[in-house]
Amino acid sequence: MNEIVKKLAGLGLPGVILVILAVTSGGSSAAVAATLTALGGPFGIVGGIALLNLITVAGDAVARYGIEAILKAIYEERSKTESVTFLIN
């Protein structure tokens, strides 16, 4: 078990997400593939894998700057094109 944990820890957050997918799908690789395909939307399983990479990038940014700074920057950028009332709702 220690070897598996070390390998999954090397994958970071996407590894944890894959473990959760595997456990919730009953350990079936077909169910994991189907879930990744569903997450990928119109891009299929490739989109699901890309989503895991995006989660890694977002997780690294949150770890570096903190969630408050990230959300503040996102809403400052959105306020340039959307009304404040819309953003509050």
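Nothing here was measured: the structure is a model prediction, and the numbers come from that model.

(A) Representation of helix α3 (residues 29-40). Compared with the 16 Å implied by 1.5 Å per residue over twelve residues, the 16 Å span of α3 between its first and last C-alpha is a close match. Buried residues along α3 sit in contact with α2 (13-24) and α4 (44-65). Phi turns positive one or two residues past the end of α3, at glycine 41, with a value near 60°.

(B) Spatial organisation of a nonpolar patch on the surface. A contiguous nonpolar patch, built from Val62, Ile67, Leu71, Ile74 and Tyr75 and spanning about 400 Å² of accessible area, is present on the exposed surface. Considering every element that reaches the nonpolar patch, the biggest residue donor is helix α5 (residues 67-78), with four residues. Position of leucine 71 among the secondary structure elements: in helix α5.

(C) Highlighting the confidence of the model for the protein chain. Predicted confidence across the protein chain gives a mean pLDDT of 80, with 88% of residues reaching 70 or more. Here helix α1 (residues 2-11) is the element of the protein chain with the lowest mean pLDDT, 67, and α5 is the one with the highest, 88.

(D) Up close: the packing of α3 against α4. Remark: α3 packs on α4, axes separated minimally by 6 Å, with the N-to-C direction vectors making an angle of 80°. When the axes of α3 and α4 are compared, the pair comes out roughly perpendicular. Contact residues: Ala33, Leu36, Thr37, Leu39 and Gly40 in α3; Gly44, Ile45, Gly47, Gly48, Leu51 and Leu52 in α4. For the contact of α3 with α4, the residue count by class is six nonpolar, five polar and no charged.

Cut-off values and rules
Residues numbered from 1 in each chain as written. Predicted model: local features only at pLDDT ≥ 70, side-chain atom pairs only at ≥ 80, totals over all residues. Heavy atoms only, no water. Helix = DSSP H or I, 4+ residues; strand = E, 2+ residues; numbered from the N terminus. Expected span 1.5 Å × (residues − 1). Contact = heavy atoms within 4.5 Å. Patch = residues over 30% accessible without salt bridge, like charges linked within 9 Å, V, L, I, M, F, W, Y side chains within 5 Å. Areas by Shrake-Rupley, 256 points an atom, 1.4 Å probe, with all protein chains shown as cover. Salt bridge = Lys/Arg side-chain N within 4 Å of Asp/Glu carboxyl O. pLDDT = per-residue confidence, 0-100. Axes fitted to C-alpha atoms, helices over the stretch in contact; angles between N-to-C directions. Parallel < 35°, antiparallel > 145°, perpendicular 65-115°, else oblique. Nonpolar A, V, L, I, M, F, W, Y, C, P; charged D, E, K, R; others polar.

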